[in-house]
Amino acid sequence: MSQRRGQSTVEAIALAVLVGAALTATALAVRGGSAEQAAALIAARLGAGPPPAPSPAALAFVGRALAPDPRAPALHDAVARLAAEVGAARAHAVAIDAIATRHLPPAPGGRVEALADPSFALARPDLDGVGAPADPGVWAEESPRAAPSIRIAGRDTERAWRATLDPGLAERAVDGAAATAASAFSSLNPAAAVAVMGTSALTAAGRDPARGAPAGAREDDVLVCRPVWRVNRATPDWARRNPHAAARLSLGRRHPAVDLLVVRAGRVIQRAVVRSDATRC
């Protein structure tokens, strides 16, 4: 009797698996999925074969979400659409790959903007490490130091920022620059976050107050981080004419730095390059 009961249990489990696979295939057919997608998903459910690939339509939807278009869909909606096809973990990975393709630049060649001491940025904003060199007499050479990383701000990030708001104190807007850096990089490695917040606080007096949600504080904000090496260079004539700046740049010395980028709705809204020993963000 016990042997027959055990056999019935095995047959019931097998039948449940087959029914589940059939229902999955039917659901895909109703949603317009191809027979190949149905077969791949069934195989994945049964433990045979790779998981299904995202559909071209879902990938195109992610591309639209990353485009600088006011009519673009929300990034979290695009990731949710992917997750319905390939699961949450793979959907997030696919979205990160798409962001990297669009916003993670290849290793730069030649000259980049010289990297100043953060406390020197207000006096010499032309040496903030961002952009192309404005003065041919001073520059920096850059090389990768560690693997880059990308983060997508979630709903909890925006909720936490909104919880700090006090609508009765509008004058707090004058601290926009420091608040922006604190929000944008609060989840980073502490060494990188402290360096960025220090730079922002020291240069706040020279910038317009931030409006709206600070960079990195809104859901779907994208943070791109690249740990790099920077070596500052200058011509002898430039160093002779700018002795103080040349000393602050520590010419010829290799500096660990972090290049941080914040993207919102497909557009770069903040970038900073700061000296930092952080190897991850």
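Attention in this report is confined to the structure presented alongside it. For clarity, every value in this text was computed on a predicted model and none was experimentally measured. (Residues numbered from 1 in each chain as written. Predicted model: local features only at pLDDT ≥ 70, side-chain atom pairs only at ≥ 80, totals over all residues. Heavy atoms only, no water.)

Take the overall build of the chain next. Scanning the chain for helices and strands turns up ten helices and five strands. The burial tally for the chain puts 37% of its 281 residues in the buried class. Contacts in the chain between residues far apart in sequence, at least 24 positions, make up 69% of those at least 6 positions apart. (Helix = DSSP H or I, 4+ residues; strand = E, 2+ residues; numbered from the N terminus. Buried < 20%, exposed > 50% of the residue type's maximum accessible area, 1.4 Å probe, protein only. Contact = heavy atoms within 4.5 Å.)

Attention shifts here to the pairing of strand 3 (residues 222-234). The buried fraction of strand 3 is high, at ten of 13 residues. Inspection of the sheet shows strand 3 paired to strand 4 (residues 254-264) by ten bridges, in the antiparallel sense. Pairing of V228 across the sheet is with A257, part of strand 4. (Pairing = 2+ DSSP bridges.)

Let us now look at the packing of aromatic side chains. Tallied over the full model, the rule gives zero aromatic pairs. Here the guanidinium or amino end of R145 rests over the ring plane of W229, the centre of that ring lying 5.6 Å away. Residue placement shows R254 over the ring face of W229; its charged tip is 3.8 Å from the ring centre. (Phe/Tyr/Trp six-rings, centres within 6.5 Å; stacked < 30°, edge-to-face > 60°. Lys NZ or Arg CZ within 6 Å of the ring centre and 35° of its normal.)

Tracing the backbone shows E142 in strand 1 (residues 138-144). Judged by relative accessible area, E142 falls into the buried class, the value being 11%. A distance of 3.1 Å separates the side chain of E142 from the side chain of R226, its partner in a polar contact. Within the structure, the side chain of E142 is placed 2.6 Å from the side chain of R230, a separation counted as a polar contact. (Polar contact = N/O pair within 3.5 Å; in protein donor to acceptor, adjacent residues only side chain to side chain.)

Moving on, we come to helix 5 (residues 88-103). The end-to-end C-alpha separation of helix 5 is 22 Å, in line with the 22 Å expected for 16 residues at 1.5 Å each. Residues of helix 5 that are buried include every one of A91, V94, A95, I96, I99 and H103, and no others. Next to the buried residues of helix 5 lie helix 3 (56-65), helix 4 (75-86), strand 2 (149-152), strand 3 and strand 4. (Expected span 1.5 Å × (residues − 1).)

Below, the discussion takes up the side chain of H255. Checked against the element boundaries, H255 lands in strand 4. At 3.2 Å, the side chain of H255 forms a polar contact with the backbone oxygen of L249.

The subject of this paragraph is helix 4. Each α-helix turn comprises 3.6 residues. Residues three or four places apart therefore point the same way. The first and last C-alpha atoms of helix 4 sit 16 Å apart over twelve residues, in line with the 16 Å expected at 1.5 Å per residue. Three or more residues of helix 4 are buried, namely L75, A78, V79, L82 and V86. Down the axis of helix 4, the sector holding all buried residues measures 95°, keeping them to one side. Here the buried face of helix 4 lies against helix 3, helix 5, strand 2 and strand 3. G87 lies just past helix 4 and shows a positive phi near 95°. (Arc of directions from axis to C-beta.)

Further remarks concern the packing of helix 3 against helix 4. Two elements in contact, helix 3 and helix 4, have axes separated by 8 Å at closest approach and are oriented at 165°. With respect to each other, helix 3 and helix 4 are oriented roughly antiparallel. At the point where helix 3 passes helix 4, the crossing takes the left-handed sense. Where helix 3 approaches helix 4, its residues A57, A58, L59, F61, V62 and A65 are matched on the opposing element by L75, D77, A78, R81, L82 and E85. The residue inventory of the contact of helix 3 with helix 4, partitioned by class, reads nine nonpolar, no polar and three charged. (Axes fitted to C-alpha atoms, helices over the stretch in contact; angles between N-to-C directions. Parallel < 35°, antiparallel > 145°, perpendicular 65-115°, else oblique. Left-handed = near helix turned anticlockwise from the far one by under 90°. Nonpolar A, V, L, I, M, F, W, Y, C, P; charged D, E, K, R; others polar.)

Right, let's talk about the pattern of salt bridges for a bit. Counting across every chain of the model gives 14 salt bridges. Among the salt bridges present, the one from D237 reaches R240, with a minimum N-O distance of 3.1 Å. Taken together, the residues span about one helical turn, with D237 and R240 both in helix 9 (residues 236-241) at a distance of three residues. Residues R271 and D259 are paired through a salt bridge, measuring 2.5 Å at the closest nitrogen-oxygen approach. (Salt bridge = Lys/Arg side-chain N within 4 Å of Asp/Glu carboxyl O.)

Let us now look at the nonpolar core. Soluble globular proteins tend to pack their nonpolar side chains together in the buried interior. Formed by 20 residues in total, the largest nonpolar core has its most connected members in L75, L82, I99, I150 and V222. Counting residues per element, the ones that place at least two in this core are helix 3, helix 4, helix 5, strand 3 and strand 4. Among all residues touching I150, those that are not within four sequence positions of it are I96, I99, A100, V222, L223 and V224. A114, F120, V138 and A245 belong to the second largest nonpolar core, which has nine residues in total. (Core = buried A, V, L, I, M, F, W, Y, C linked by side-chain atoms within 4.5 Å.)

Remark: helix 4 packs on helix 5, axes separated minimally by 7 Å, with the N-to-C direction vectors making an angle of 130°. With respect to their mutual orientation, helix 4 and helix 5 come out oblique. At the point where helix 4 passes helix 5, the crossing takes the right-handed sense. Along its contact with helix 4, which presents L75, V79, L82, A83 and V86, the element helix 5 presents A88, R90, A91, H92, V94, A95 and I99.

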